[in-house]
Amino acid sequence: MTLEPEADGTWPALQSFSYELKLSWHPFPVFPSRVGVVCPAVDGRLDLPIPPVDKLSANSRSDMKSYAALRRPRWIVAVLLFCGFVWLTFDVFHPPPPPPFGYGQGHWLPHPHSAEANSTNRWRAERIRAAFIHTYDNYLEHAFPNDELRPLTGRNSSTLNGWGVTFYDSLDTMWIMRLPDYLEHAVEYLSHVPTTSMSLFDQKPNAYAPFFETVIRYLGGLLSAYAMTGHRVFLDRADELGTMLLPAMNTPSGLPMYGVNTLNGQTRGGWMAGTLWAEAMSCQMEFKYLAHVTGKREYFDKVEAVMQLMEDANNHAGTLDEEYAADPKQTQTPKYMVEKGVFPTIWDPKTGLPRNRLFSAGAFADSAHEYLLKQYLLTAQSEPRAISLYLDAVDAIMNKLLYHSSVRDFIYVTDIDSVSGKPSHTFEHLTCFLPGMLRLGVHSLKLPAEKKQRHLWAAQGLAKTCWLTYADMPTGIGPDEIIVNGSNARLWLDVLAESPTSIPGLSEVVPEQDRAQRGYRIKRSSYLLRPEALETFYIMWKLGEGDVWRERGWTVFEAIEKHARTKWAYASIVNVDVQDEAITLKDELPSYFLAETLKYLYLMFDETIDLPFESWVFTTEAHPLPIFEWSKVEKERYGIPL
């Protein structure tokens, strides 16, 4: 296949035809080489008719040599000085960004099930895959390009920008589940900007894209699709969107505002009148990877400024706030963190100081803890600031938030007033990410022996509790929030210190449907198709904690299939603590059900797929990104230790 120049002498854009190469369903990007273009998708070359020097006439070659000899002495010094200035000042001559993960060494590709694969697990994987197809087919037919499908009525819903969040959030799941038709449709759609708007991410002047959700769902989905398929269109759209989102961080402190208009850059705050810790600290993975693959330092600088602010706040923890100390009732919020690692859940985007006293591992904070570890792993454990903050935060969680209930010997994480230390004893489904995070840290980090052992015990005990909340329910599905009986609860480390022969919280507990015997009461009985427990089950199983976790994952899927499936998709459940005949569904289907819940389930049973934690890191929205190493140039540019 040969490319010809246009009538005006220019060459056609490579991107414009890359998605049309249908010889193989996995559409790769087209990368320029020295004399042509290599296209892995067709295993061939697209030769550009660039005439070699030996085809020029003798006179032409002679004229070129004479001209060069004449001009070189006069300009060589000036040219060298100019090039040196540009090299030091700008990025023009810096090495180009790296190709996608594995390029030149063979992409990781999903492949058909092998004959050796366990037949039961293969059948289960196909059942989960069928659940995705059932949902996504109906989304495309009844809701796309709106955000979400309403699973009870089959109507569409635009809840998050109106750009098609389910589409973007599902991109890498399509690849993992080997669904080429969906991917071809995605590439085609993303390659054509609508004629009625300037961008696929167009907004009205008075509309605002929520920074946090747009980063983790839209941007994360595009970046993971690029990393897995190598198709350039995903990166182009991610770069476009990333640039549009950056004005959210143009605040005096650098902390992001709640929302940003993607066309005019205007911002606004959220209903909490501040920046949530999770909003500020759950964008580093996406933007650092984007900085790496585009070579654009503004992506790194913006999100690392937030890391610097948090490091400074952590270093000043415990500093005396004279104004607060003078308040006899101490009802105000201290200007400084009370202790290292005790990060409040709301911050002031103007001053960069805390705006409340709540310390939590649940809502408003959950993914912030997660990203302290995961951004460190993503950049090949090269950034000491991230791991230092992670270890301080986990120490604070272990010392202040981790409790043990003696009623049924289980442990849980709650939230506290950071000044008084008073706990709420609320345990959220959102917090079920924590045991998986701790187990991943034990696997990946070089921790002191005692700390490593405690992190492992905490991971095992908390994972058991997350499963217990599912097993206790007649539906087999866990509630959104519970409140543990505080009169029977103590800090886990205190109980551990008094238990030399056994580890509190690790014994097997029999499921209990008698509400009076559970040791907790339900605060919010709904199930919003959340993935956090299944994420932990997947990590526990993959890191050698036993097949019991895979079996528990399957039990959860069967319960979802039984109680949440509808004609069009799957729906959230109003109350999980009722018998089958009393179950009521909500007409909502969050995009993360396809991005996370079904993905973690599928990965437990498709034995032909390997996403090792040594090579991939999952974002908080379960979008896998490849671990990469900063180049020497990048480390010098960003101040990362060599």
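Throughout what follows, the structure given in this document is the object of discussion. Because the structure is predicted, anything quoted here is derived from the model rather than measured. (Residues numbered from 1 in each chain as written. Predicted model: local features only at pLDDT ≥ 70, side-chain atom pairs only at ≥ 80, totals over all residues. Heavy atoms only, no water.)

Describing the overall build of the protein
As a reminder, the rule being used: Numbering of helices and strands runs from the N terminus, with a helix taken as a DSSP run of H or I at least four residues long and a strand as a DSSP run of E at least two residues long. Only protein chains enter the calculation, and the probe is 1.4 Å; a residue is then buried if its accessible area is under 20% of its type maximum, exposed if over 50%, and partly exposed in between.
Regarding its fold elements, the protein presents 21 helices and 22 strands. Out of the 642 residues in the protein, the part that is buried amounts to 55%.

Remarks on the sheet that holds strand β13 (residues 410-413)
Rules: Any two strands with at least two DSSP-identified bridges between them are counted as paired. Simply put, an axis is a line fit to the C-alpha atoms, just over the touching stretch for a helix, and the angle between two N-to-C directions goes from 0 to 180 degrees. Any two residues having at least one pair of non-hydrogen atoms within 4.5 Å are treated as being in contact.
Strands sit in the order β13-β12-β17 across an open sheet of 3 strands; the sheet is antiparallel. Across the chains shown, the open sheet's two edge strands, defined by having one partner strand only, are β13 and β17 (489-491). Pairs of neighbouring strands in the sheet enclose a mean axial angle of 35 degrees, with direction left out of account. Of the strands in this sheet, β12 (402-405) and β17 touch helix α14 (residues 384-400), which is tilted by about 30 degrees from β12.

Section: the packing of helix α3 (residues 119-142) against helix α19 (residues 548-563)
For clarity, the threshold we go by: Under this scheme an angle from 65 to 115 degrees is roughly perpendicular, one under 35 degrees roughly parallel, and one over 145 degrees roughly antiparallel; angles in between are oblique. Take the far helix as the reference: if the near one is turned anticlockwise from it by less than a right angle, the crossing is left-handed, and if turned clockwise, right-handed. Gly is put with the polar residues, along with every residue not named as nonpolar or charged; the nonpolar set is Ala, Val, Leu, Ile, Met, Phe, Trp, Tyr, Cys and Pro, and the charged set is Asp, Glu, Lys and Arg.
Their axes nearest at 12 Å, the elements α3 and α19 cross at an angle of 40 degrees. By the angle between their directions, the pair α3 and α19 is classed as oblique. Note on packing geometry: the crossing formed by α3 with α19 is left-handed. Together, N121, W123, R124, R127, I128 and A131 of α3 and R550, E551, W554, F557 and E561 of α19 make up the contact between the two elements. Here the residues of the contact of α3 with α19 are counted per class, giving 5 nonpolar, 1 polar and 5 charged.

What to know about the environment of E481
Its place among the elements puts E481 in strand β16 (residues 481-484). By relative accessible area, which is 12% here, E481 ends up buried. Remark: the alpha-carbon pair of E481 and H429, spanning 52 residues in sequence, is separated by 6.0 Å. Excluding residues that lie within four positions of it along the chain, E481 makes contacts with T426, F427, E428, I522, K523 and R524.

Some remarks on the state of the cysteines
Definition in use: Our working definition of a disulfide is a cysteine sulfur pair at a distance within 2.5 Å.
With the rule as written, the count across this model stands at 1 disulfide. The disulfide partner of C432 is C466, and the gap between their sulfur atoms is 2.1 Å. Handedness here is read from the sign of the S-S torsion; for C432 and C466, about -110 degrees, the answer is left-handed. Placement of the pair is C432 in the loop between β15 (426-428) and α15 (433-444) and C466 in helix α16 (residues 449-471), with a sequence separation of 34 residues. The residues C432 and C466 share a single accessibility class, namely buried.

Here we look at the packing of helix α18 (residues 532-542) against α19
Packing of α18 against α19 leaves a shortest axis separation of 8 Å and a crossing angle of 155 degrees. When the axis of α18 is compared with that of α19, the two are roughly antiparallel. Where α18 crosses over α19, the handedness of that crossing is left-handed. Between α18 and α19, the contacting residues are L534, F537, M540 and W541 on the first element and W549, R550, R552, G553 and V556 on the second. Here the residues of the contact of α18 with α19 are counted per class, giving 6 nonpolar, 1 polar and 2 charged.

Topic: the packing of aromatic side chains
Both the distance between ring centres and the angle between the ring planes are used here to describe each pair of aromatic rings. Threshold: Whether two aromatic rings pair depends on their centres lying within 6.5 Å, for rings of Phe, Tyr and Trp, where Trp uses its six-membered ring; planes under 30 degrees apart make the pair stacked, over 60 edge-to-face, and the rest tilted. Placement of a charge over a ring requires the Lys NZ or Arg CZ to be within 6 Å of the ring centre, with the centre-to-atom vector within 35 degrees of the ring normal.
Inspection of the entire model under this criterion finds 37 aromatic pairs. Centroid distance F144 to Y189: 5.0 Å. Interplanar angle 70 degrees. Geometry classified as edge-to-face. Pair noted here: F144 is in the loop between α3 and β4 (148-149) and Y189 is in helix α6 (residues 180-190), with a separation of 45 residues, a long-range link. Using a relative accessible area of 18% as the deciding quantity, one classes F144 as buried. Ring centres of W554 and F557 lie 5.2 Å apart, and the angle between their planes is 35 degrees; on these two criteria the pair is classed as tilted. With W554 and F557 both in helix α19, this residue pair falls 3 residues apart, about one helical turn. What makes W554 buried here is its relative accessible area of 4%. Following the ring pairs from residue to residue traces out a cluster consisting of F132, Y136, Y139, F144, W163, F167, Y168, Y182, Y189, F201 and Y218. R552 extends its terminal NZ or CZ atom over the ring of W549, reaching a point 4.7 Å from the ring centre.

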